[in-house]
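Each chain, letter by letter, is given below.
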Amino acid sequence: MQKDNIFQTNRRSFLKVSGILSGGLVLGFTWGSCTRPEDIIVMPKEWYDINGYLKIGENGLVTIMSPNPEIGQNVKTSMPMIIAEELDCLWKNVIVEQGALNTDVFSRQVAGGSQSLRAGWTSLRTAGATARKMLVNAAAQQWEVDPSTLKTEEGFVVKETGEKLSYGDLAMAASKGEPVKSEDVQLKDPKDFKIIGTETSNVDLENIVTGKPLFGIDTKKEGMAYASVMRPPSFGQKLVSFNDADARSVSGVKDVFQFGDKIAVIADSNWSAMKAKKALKAEWTDEGTLENTEAHDAQLLALLNTKSETPKRKDGDVDKAFAEADEILERIYEAPFLPHNCLEPMNFFAHVTDDKVDLLGPIQTPQWTRGNVAKLLNRPEEQVSVDMTRMGGGFGRRLYGDFAEEAAEISSIAKMPIQLQFTREDDMTAGTYRPASKYKFKAAIKEGKLTGYHLVGAGVNMGNSTREDNFPASAVENYLVESHELKSNITTGAWRAPITNFLAFAEQAFFDELATKIGKDPVEFRLELFERAKNNPVGKLDYDPEKSIGVIKLAAEKSNWGTKIDGVYQGFSAYYSHNTYVAEVANVVLENGNPRVTNVVCAIDCGIVVNPLGAKNQVEGGVVDGIGHAMFGDFSFKNGRANHENFGTYKMIRMSDAPAVEAHFVKNTNDPTGLGEPTLPPAGGALANAFAAAGRERLYKQPFIQQIKIVG
Amino acid sequence: MATYNIKVNGSSRDVNADPDTPILWVLRDKLDLVGTKYGCGIAQCGACTIHLDGKAVRSCSIPISAVGSMEITSIEGLSEKGDHPLQNAWKEHDVPQCGYCQAGQIMQAASLLKTNKKPTDAEIDEAMDGNLCRCGTYNRVKAAIKTAAKIN
Ligand code: FES
Ligand code: FES
């Protein structure tokens, strides 16, 4: 009975029990990271390491490491599914564990660019397939038969006679067997997939809905203190002096000190640390320019009228096309900065000692962060370990480990384990913002055809603000794309679907207006251009027009495009990003004369859909996010200071504003591409085009709410 | 610092805290109940939603000194086995993406269904509009509430 008490458990007590077990066995579960979809888990007495990705217990239970950071894109479910598929076990016998940063075993442990599945596809399958082969070899040895006569089925190796050995029975022998090389395994034919392609629940679901510790903010460690940091209120300022008398008198405060131009408060609780920070009196001075959105606007507009000496792409002769055009359409589109606003504010745990730096928390780029922290503290990288927690959102903000570096620096000064916690105000005002940008589009029309296309982009710290090889490149005879950058001391960075999160709106809104001007149906107009790119591409062709045509047709079909329904207005948009093809149709109705978006039909070609349940969730989220920020995202700077610092004034999309979303996937057996970002870029365009169809003025500037009244 | 005796998820707990400490931080930092999340600290996001005497409130904006004899329920105490109809519905619909807002969403929805067994879409919107989901899971949240309320 004693044994059963220890080994038989359910998810609710799982953390505790795995803690008991972790002493003597190979277990080594990371705190809070373990889940599985079944109610009762009978834990094995022994785990056998098969390879770095998985271990098998004597009872057949399989632990699969999920290598990549989980920010809500659901890779902690979909990546292990791919391994389990090739291992050929039952998904209900799988436990998933978040892998720590381990460059010896895992490749590309990054959550970014919607690349986890695409980049991991072959290595994950191979990890499963080599493990399967090791189990087959172990069985062959035991039965003294040729391994090629054996097959596997749902966690068993099966002999020609029908005799079976379970993976659990074979695990010990397999773990001691010769490692199998990747070139010696055959991957499954996609038509034989049993796990991939099935609707599979999020592996952390139970822990999420019962409030278990999972996120960085939930970290508790022996002897840990909480840190809150005061940073310069404006970009371009530095610290002159500060008075911490009042802060130190807040109960629970352990220490207050300066590091760089910041002040750290260390306390025994978050509340004390936050309260003491508010009680600090600091004096700041201007070191650089305190920048203003108004000035940025003027500078960016000026750049749009500047010729670039190094165009990003040039086909034919646009000047000639414009000179010979019957008509010219020129439009400018403008986007503000945007904060990421992950719902879990930035935070990180760091414990810096003389010989070791332990880091734990929500980070999209563990490897890069390890390097940066090592450099900052002047330590060899081998001394720095990074463990990852589930993240309360990423959206690109957690690509930048500034908060992990701050935590490490504070811990090294305070000489104690530290949990650094940003307040929402810190999070919104010390961001790495989506850069403000503007685009100018100019199209030459001759005899009802698009003969020339000129795009100029200008963005703050944006590098190349364009995607010069994206559509309509290759579809227009005379084509010119230029880009300019405005340098600023406001920190900017990647924000879900960098560049294209706004460029796609601008382009797709422009195309809609262009189609109207030419007198063509917006879908037909796009299809004609893609046909041109397919049959007779101009210059280099960097996308697959066939796939674009596929999603455009699917979206048109599923949305009954062109079938007039009284009082419903449709807007079309299509965009290719992060290797995935998407087309969207927004349906808008008028309520008391004001538009309201009711639903969005979305067609996606992302190759094989690994987990349709999670994939649909990503599609829904991407569309809602794209529409939300296009409608409401309003962020600017005055004298270097952000104009919003919390949700009291900064509006984000809420339930009553959110449209229903329909997802339709193109069925094929191509290798999967990502879904975390690609459905966002087309959303704003579909919405704006539907508003125009409803007879509202065209929208050129985000957020739309500044220009028109929208019913949320 | 003062000592407060509060009722949390059916048990009586003594905590030492400054009177102005929000319930949120008492739960998280003092009682190790971290299911209740911090998102804004100013009652604008709903991540910290708990029940006080069965009614949804924002725990970030109520100090411990105001609790008195009121009963606190956090997500950890919503059901004994994680099988409250809303939790089951959340699982059925696979609602979460990052998951961070979800405890707050569930607590808010639980409070709604207590007083309104069959809410309309508009009533659900109204009750849930204070709960942000940065990942945009609103459609699934709504569908799960309807499943739990047995509304087709
Ligand atoms: S943390 Fe309380 S409402 Fe946002
Ligand atoms: S699931 Fe991420 S904030 Fe709601």
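The rules we used
- Residues numbered from 1 in each chain as written.
- Chains lettered and ligands numbered in written order.
- Predicted model: local features only at pLDDT ≥ 70, side-chain atom pairs only at ≥ 80, totals over all residues.
- Heavy atoms only, no water.
- Phe/Tyr/Trp six-rings, centres within 6.5 Å; stacked < 30°, edge-to-face > 60°.
- Helix = DSSP H or I, 4+ residues; strand = E, 2+ residues; numbered from the N terminus.
- Buried < 20%, exposed > 50% of the residue type's maximum accessible area, 1.4 Å probe, protein only.
- Pairing = 2+ DSSP bridges.
- Axes fitted to C-alpha atoms, helices over the stretch in contact; angles between N-to-C directions.
- Contact = heavy atoms within 4.5 Å.
- Buried area = accessible area lost by both parts, 1.4 Å probe.
- Salt bridge = Lys/Arg side-chain N within 4 Å of Asp/Glu carboxyl O.
- Parallel < 35°, antiparallel > 145°, perpendicular 65-115°, else oblique.
- Left-handed = near helix turned anticlockwise from the far one by under 90°.
- Nonpolar A, V, L, I, M, F, W, Y, C, P; charged D, E, K, R; others polar.
- Domains from an automatic or database assignment.
- Polar contact = N/O pair within 3.5 Å; in protein donor to acceptor, adjacent residues only side chain to side chain.
- Expected span 1.5 Å × (residues − 1).

J.: Got a minute to help me understand the packing of aromatic side chains in this structure?
T.: Working definition: an aromatic ring pair is given by the centre-to-centre distance plus the angle between the planes. Residues and elements named next belong to chain A. With the rule as written, the count across this model stands at 33 aromatic pairs over all chains. With 5.2 Å between their ring centres and 75° between their planes, Tyr433 and Phe637 make a pair best called edge-to-face. Here Tyr433 is found in the loop between α13 (424-429) and β21 (437-446), whereas its partner Phe637 is found in strand β27 (residues 637-638), with 204 residues between them in sequence. Judged by its relative accessible area of 0%, Tyr433 is buried. Pairing Trp561 with Phe572 gives two aromatic rings, centres 5.5 Å apart and planes at 70°, and the pair type is edge-to-face. Of this pair, Trp561 sits in the loop between α16 (545-558) and β24 (568-577) while Phe572 sits in strand β24, and the two are 11 residues apart along the sequence.

J.: Got a minute to help me understand the sheet that holds strand β5 (residues 62-66) of chain A in this structure?
T.: By definition, the strands of a sheet pair up through backbone hydrogen bonds, in either a parallel or an antiparallel sense. Residue and element names in this part refer to chain A. Strand order in the open sheet made by the four strands is β3-β4-β5-β6, with mixed pairing throughout. Two strands lie at the open edges of the sheet, namely β3 (47-51) and β6 (94-98), each paired on one side alone. On average, each strand axis in the sheet is tilted by 25° relative to the strand beside it, whichever way the strands run. Bridging between β5 and β6 involves five bridges; their strand directions are parallel.

J.: Please clarify how the interface of chain A and chain B should be interpreted in this entry.
T.: In this assembly, 62 residues from chain A lie in contact with 54 residues from chain B. Between chain A and chain B lies a buried interface of about 4,800 Å² when both sides are counted; carbon and sulfur atoms form 55% of it. At the boundary of chain A and chain B, one finds eight salt bridges. Of the charged contacts, one joins A:Asp625 and B:Arg134 as a salt bridge, the two residues approaching to 3.1 Å between their closest N and O atoms.

J.: What exactly am I supposed to notice about the pattern of salt bridges here?
T.: Pairing between side chains of opposite charge can happen when their charged atoms approach one another. All names here are of chain A. Tallied over the entire structure, the rule returns 52 salt bridges over all chains. With a closest N to O distance of 3.8 Å, Glu153 and Lys151 form a salt bridge. The exposure class of Lys151 is partly exposed, given its relative accessible area of 47%. One connected set of salt bridges, linked through shared partners, spans Arg231, Lys262, Lys277, Glu406 and Asp426.

J.: Looking at this model, I keep getting lost on the packing of helix α2 (residues 85-93) of chain B against helix α3 (residues 102-115) of chain B. Mind explaining?
T.: Residue and element names in this part refer to chain B. Across the interface, α2 lies against α3 with an axial gap of 10 Å and an inter-helix angle of 130°. Classified by the angle between their axes, α2 and α3 sit oblique to one another. Seen from above, α2 lies across α3 with right-handed handedness. Residues Leu86, Gln87 and Trp90 of α2 pack against Gln102, Gln105, Ile106, Ala109, Ala110 and Leu113 of α3. When its residues are assigned to classes, the contact of α2 with α3 shows six nonpolar, three polar and no charged.

J.: Please explain the domain arrangement of chain A as it appears in this structure.
T.: A common way to express how large an interface is: the accessible area buried when the components associate. Residue and element names in this part refer to chain A. Splitting chain A by domain gives domain 1 (6-209), domain 2 (216-288 + 346-421) and domain 3 (306-336 + 433-706). When each unit is reduced to the centre of its C-alpha atoms, the spacing between domain 2 and domain 3 is 38 Å. Each partner contributes to the interface: domain 2 provides nine residues, whereas domain 3 provides 13 residues. For the pairing of domain 2 and domain 3, the buried interface totals around 800 Å² over both sides, and the portion due to carbon and sulfur atoms is 56%. Of all residues in domain 2, Phe235, Phe395 and Tyr400 bury the most surface against domain 3, accounting for 68% of the area lost on that side.

J.: Please clarify how the sheet that holds strand β20 (residues 418-421) of chain A should be interpreted in this entry.
T.: All names here are of chain A. Spatial strand order, β12-β13-β10-β20-β17-β18-β19: seven strands in an open sheet with mixed pairing. For this open sheet the edge positions go to β12 (253-259) and β19 (384-388), each flanked by a neighbour on one side alone. Direction aside, neighbouring strands of the sheet carry axes that sit 20° apart on average. Pairing between strand β10 (residues 225-230) and β20: three bridges, direction parallel. Opposite Ala225, over in β20, you have Ile418 as the bridge partner. Of the strands in this sheet, β10, β12, β13 (262-267) and β20 are in contact with helix α8 (residues 270-279), which crosses β10 at around 25°.

J.: Explain the environment of B:Val95 to me, please; I cannot follow it from the model alone.
T.: Mapped onto the fold, B:Val95 is located in the loop between α2 and α3. Through-space distance from the C-alpha of B:Val95 to that of B:Val141 is 6.2 Å; in sequence the pair is 46 residues apart. Among residues more than four places away in sequence, those in contact with B:Val95 are A:Asn617, B:Trp90, B:Gln102, B:Thr137, B:Arg140, B:Val141 and B:Ala144.

J.: Is there a simple way to explain the domain arrangement of chain B in this structure?
T.: Residues and elements named next belong to chain B. In terms of domains, chain B is made up of domain 1 (2-78) and domain 2 (85-151). Across the boundary between the two partners, domain 1 contributes 18 residues, which contact 13 residues of domain 2. Buried area between domain 1 and domain 2, both sides added, is near 1,300 Å², and the carbon and sulfur share of it is 58%. Considering only the surface of domain 1 that becomes buried against domain 2, His51, Ile75 and Leu78 emerge as the three largest contributors, covering 33% of it. Where domain 1 meets domain 2, there are zero salt bridges. For the interface between domain 1 and domain 2, the tally reads seven residue pairs in polar contact (both at pLDDT 80 or more). Listed by contribution, the elements that provide at least two residues to the side of domain 1 that touches domain 2 are β3 (49-52) and β4 (55-58).

J.: For this particular structure, what's the right way to read the environment of A:Ala630?
T.: All names here are of chain A. Take Ala630: it is sitting in helix α17 (residues 612-632). Linking Ala630 and Asn501, residues 129 residues apart in sequence, is a C-alpha distance of 9.3 Å. Sequence-distant contacts of Ala630, defined by excluding residues within four places in its chain, comprise Gly684, Gln702, Pro703 and Phe704.

J.: What is the right way to read helix α11 (residues 366-377) of chain A from this model?
T.: All names here are of chain A. Across its 12 residues, α11 extends 16 Å between first and last C-alpha, which sits within 8% of the 16 Å expected from 1.5 Å per residue. For α11, the full list of buried residues reads Pro366, Thr369, Arg370, Gly371, Asn372, Val373, Ala374 and Leu377. Buried residues in α11 make contact with β17 (347-352), β18 (357-361), β19 and α12 (402-414). Looking one or two places after α11, you find Asn378, whose phi comes out positive at around 55°.

J.: Explain the pairing of β17(A) to me, please; I cannot follow it from the model alone.
T.: Note on strand geometry: in a regular strand, side chains alternate between the two faces of the sheet. Residues and elements named next belong to chain A. The buried count for β17 comes to five of six residues, which makes it a mostly enclosed element. Relative to β20, β17 is paired through four bridges, and the arrangement is antiparallel. Pairing of Phe348 across the sheet is with Leu420, part of β20. Here β17 runs beside β18; their pairing, made up of four bridges, is antiparallel. From the neighbouring strand, His351 faces β18, where its bridge partner is Asp358. Adjacent in sequence and paired antiparallel, β17 and β18 are bridged by four residues.

J.: Would you mind going over unusual backbone geometry with me for this structure?
T.: What is expected of a backbone is that most residues other than glycine have negative phi and most peptide bonds are trans. All names here are of chain A. Looking along the chain, the bond that leaves Phe471 and enters Pro472 is cis, with omega of 5°. Counting through the fold element by element, Pro472 comes out in the loop between β22 (449-460) and β23 (478-486). Cis peptide bonds are those with omega within 30 degrees of zero, and the linkage from Gln702 to Pro703 qualifies with 0°. Inspection of the secondary structure puts Pro703 in the segment after α18 (681-693). You will see that Asn461, though not glycine, has its phi angle at about 50°, which is positive. Residue position: Asn461 is located in the loop between β22 and β23. Unlike most non-glycine residues, Ile499 shows phi in positive territory, near 65°.

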